[in-house]
Amino acid sequence: MKHAFNPGPFLLFRAGCRPLLLLEERMRGTPTATKQNKKRLVIFFGLVVILLVVLLFRLGWYQIIRSEYFSTLAVEQQTQDTPVSAQRGVIYDRNGKELAVNTVSYTIWAWPKNVASGKTDDAKAERLSKTVTTLSELLEVDELTMRATLTQERSLVKVKKYVDRATAEAIRQEVLPGISIVEDVKRSYPMGAFASHVLGSTTDDNQGLAGLEMWYNSYLSGTAGRWITSTDGAQQSLASNQEKYYEAEDGLSLVLTIDEVIQHYTEKAIARVQTDTQAKRVWCLVMDPKTGDVLAMAQTPEYDPNDPRTPLDAGEAAYVATLSDAEKMEYWNQMWRNSLVSDVYEPGSTFKLLTTAVALEEGVTNPSEQFTCTGFHTVAGTNVTLKCWRSYNPHGSESLTMAVRNSCNPVFIQLAQRLGKSTMYDYMDLFGLTGRTGIDYPGEGYNLLQAESAVGPVELATISYGQGIAVTPISMLTAISSLGNGGYLMQPRLVKELVDSDGNVVESYEPVVLRKVLSSETCEEMQKIMETVVADGGAGAAKIAGYRIGGKTGTADKVENGAYRGNTYSSTVALAPIDDPRLAILLVVDSPQGVKYGSITAAPGVGYILQDTLRYLNIQPEYSEEELTQQASGMTVVPNVTGESFSEGIGILAGASLKYEAAPASESNEDFTIVDQYPKAGETVKKGTAVYVYRE
């Protein structure tokens, strides 16, 4: 069958081409017109080319230069990328007791662009208003704050952290657009303020803020995971959603050298000392002298790491609330500061143990050498005369052992002169006092020693009895511990092991011997000397029936704002049992009120700790017949303190479980010689009886 010709398309084509035909006819006119038209065509095509080039460059800008930005923007609009928190490692004591753990909580996240999603502005406003009202009620946040949070120009916003399960479920039931709920972890310290200055605390984001939490943060924190889901325009999961879940890698746990039981005994003891002395602060450190393990580290006042920015004292908390942000930060840093590691103090007479040990090691004296105390000593090569603290009643003839017990300054000046500046500084370096110990804890302070080149005979003399220098408590006890470890200086440590969530040991830290400072013979002689100070001297308050204890007390003036203002650092060091030391203790009382001597402020605290800890360590007591009789009868024999200094005498009485009364009473804190006592020496009285000691 033949098809008839249809002229329609041809006619349409001619109609469309008519303008071009007319243009052609005009161009065939005059030559001038033809040139003008050609010029216009060139300009027209030139503009088209320029426009195309600009468009190509712009397209290249978006496709190449800005491609990453728009790709990211597209991914943000088409997916939800929710962070998944890692479980922070647990902190255990040396026996597996949990000191810092994690508790389950929930975090509310928002995608601001999707919270107010809708087709019209009214729909968007209505949805935003509903979300703001609902979250404000459930999370107990005012609506203005909530609205500001949900309208931030950010892709993802954390609305609130640490939400409990019930609240999280209530929010989930509301099915709010752009709102996501993620299971999270919260750091918790089940024992409250216990060992707070050791553990430290964390930020709201579970990052270490202070203490071991900060020092070991990279091990504890782990690696966060991600939960990625495909979503539609309303941020709802698609039916064909292909989720990607990258599991978080949990942090490693710490096994400390701290013993929870010994830490408890220590905190209980310093709280009692704080109450008895009304001191500004009390610090205490307990170590194993043979390994360098820190068994307990405590100070007052404490803070609760569960709420690290609120002091435990209500009055202090109210005061902090009045401070500016900068002042608050300064206050918090001081509250979190671990004074046993970061601060320095003048060790006073406890330093005499190190001077004595060096003199014995160098062979410039021996325990039985006789010295004569006249109450004063002129420093060789100078016109400077330094006095004994008991210059008003000199000690007279005394052996080296008795000089340590009597804390006689002139004897130690003579020992330092025999040793010389170079030898003294060499041994201070060996004891670790010219540097830092390297303990695994942030913010360790530097000891304050005069430069050796600046030390003259007088400065050397005062150093010999622990004045004119300032040391950190951790460095002082580390040095003293070497006397109980055969002369070996150990590096102090707070962490023994890193373990994973299954309890497998990932890394173990072995005890580190830094160097040998003294011979074992010197250490044995020092242990005997230290024992006499507790058994018969001013450290008697640290005496425990059935155990051999060695120690030394010290009292040093405290420098405040560049001057002495009447306050002191009163301290006691101890090794126990002295024949095979398992414990080294340093207790420092900062600015005690009333009687300020270490023999009656710090030594009792050491006694409290030893009383509990030696039994806990299952170290069996060996009682003498006299001790057994006194225990059975509740009676004790009054020691002879007539002729002793008040500071030494009250320590001796404390060692016999006796109290004291100074007569006549005086507001002065000056030391004095006891000229008489009642009851008299040798009488048998009940334990706890007050012995009257009389001043001249």
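A short tour of the structure in this document, coming up. (Residues numbered from 1 in each chain as written. Predicted model: local features only at pLDDT ≥ 70, side-chain atom pairs only at ≥ 80, totals over all residues. Heavy atoms only, no water.)

### Quick word on the overall build of the protein
Here is step 1: In terms of regular secondary structure, the protein is built from 25 helices and 28 strands.
Here is step 2: The globule rule puts the C-alpha radius of gyration for 696 residues at 26 Å, and the 40 Å found for the protein is more than 25% above it.
Here is step 3: Taken over the C-alpha atoms alone, the protein extends approximately 150 × 60 × 50 Å along its principal axes.
Here is step 4: Going through the 696 residues of the protein one by one, you find that 48% of them count as buried.
Here is step 5: Counted over contacts in the protein with a minimum sequence separation of 6, partners at least 24 positions apart contribute 72%.
Here is step 6: If you sum the accessible surface of the protein, you get close to 34,000 Å²; carbon and sulfur atoms cover 52% of it. (Helix = DSSP H or I, 4+ residues; strand = E, 2+ residues; numbered from the N terminus. Rg over C-alpha atoms; globule rule 2.2 N^0.38 Å. Buried < 20%, exposed > 50% of the residue type's maximum accessible area, 1.4 Å probe, protein only. Contact = heavy atoms within 4.5 Å. Areas by Shrake-Rupley, 256 points an atom, 1.4 Å probe, with all protein chains shown as cover.)

### Considerations on the packing of helix α5 (residues 121–139) against helix α6 (residues 143–150)
Here is step 1: Axis separation between α5 and α6 bottoms out at 9 Å; the angle between their running directions is 125 degrees. On the basis of the axis angle, α5 is oblique to α6. Note on packing geometry: the crossing formed by α5 with α6 is right-handed. For the pair α5 and α6, contact is made by Leu128, Ser129, Thr131, Val132, Thr133, Leu135, Ser136 and Leu139 and by Glu143, Met146, Arg147 and Leu150, respectively.
Here is step 2: Considered class by class, the residues forming the contact of α5 with α6 number six nonpolar, four polar and two charged. (Axes fitted to C-alpha atoms, helices over the stretch in contact; angles between N-to-C directions. Parallel < 35°, antiparallel > 145°, perpendicular 65-115°, else oblique. Left-handed = near helix turned anticlockwise from the far one by under 90°. Nonpolar A, V, L, I, M, F, W, Y, C, P; charged D, E, K, R; others polar.)

### As for the layout of surface pockets
Here is step 1: Its volume calculated, the largest pocket comes out at about 1,200 Å³.
Here is step 2: Considering the residues around the largest pocket, the lining is formed by 46 residues, among which Lys543, Ala654, Gly655, Ala656 and Ser657 are closest to the centre.
Here is step 3: Counting only elements with at least two residues in the lining of the largest pocket, the list comes to α11 (260–277), α21 (520–536), α23 (603–616), α24 (625–633), β24 (635–637), α25 (646–655) and β25 (659–663).
Here is step 4: No other element matches α23, which puts six residues into the lining of the largest pocket.
Here is step 5: Looking at the lining of the largest pocket residue by residue, the class counts come to 21 nonpolar, 12 polar and 13 charged.
Here is step 6: Space inside the second largest pocket adds up to approximately 950 Å³.
Here is step 7: Together, 31 residues line the second largest pocket, and Trp389, Gln467, Thr555, Asp557 and Tyr597 are the ones closest to its centre.
Here is step 8: When residues in the lining of the second largest pocket are grouped by element, the largest group, six residues, is from strand β21 (residues 550–560). (1 Å grid on protein atoms, 1.4 Å probe; cavity = no way out; pocket = protein on both sides within 12 Å on 5 of 7 lines; lining within 4 Å. Points joined across faces, edges and corners; volume = space filled by probe spheres on them.)

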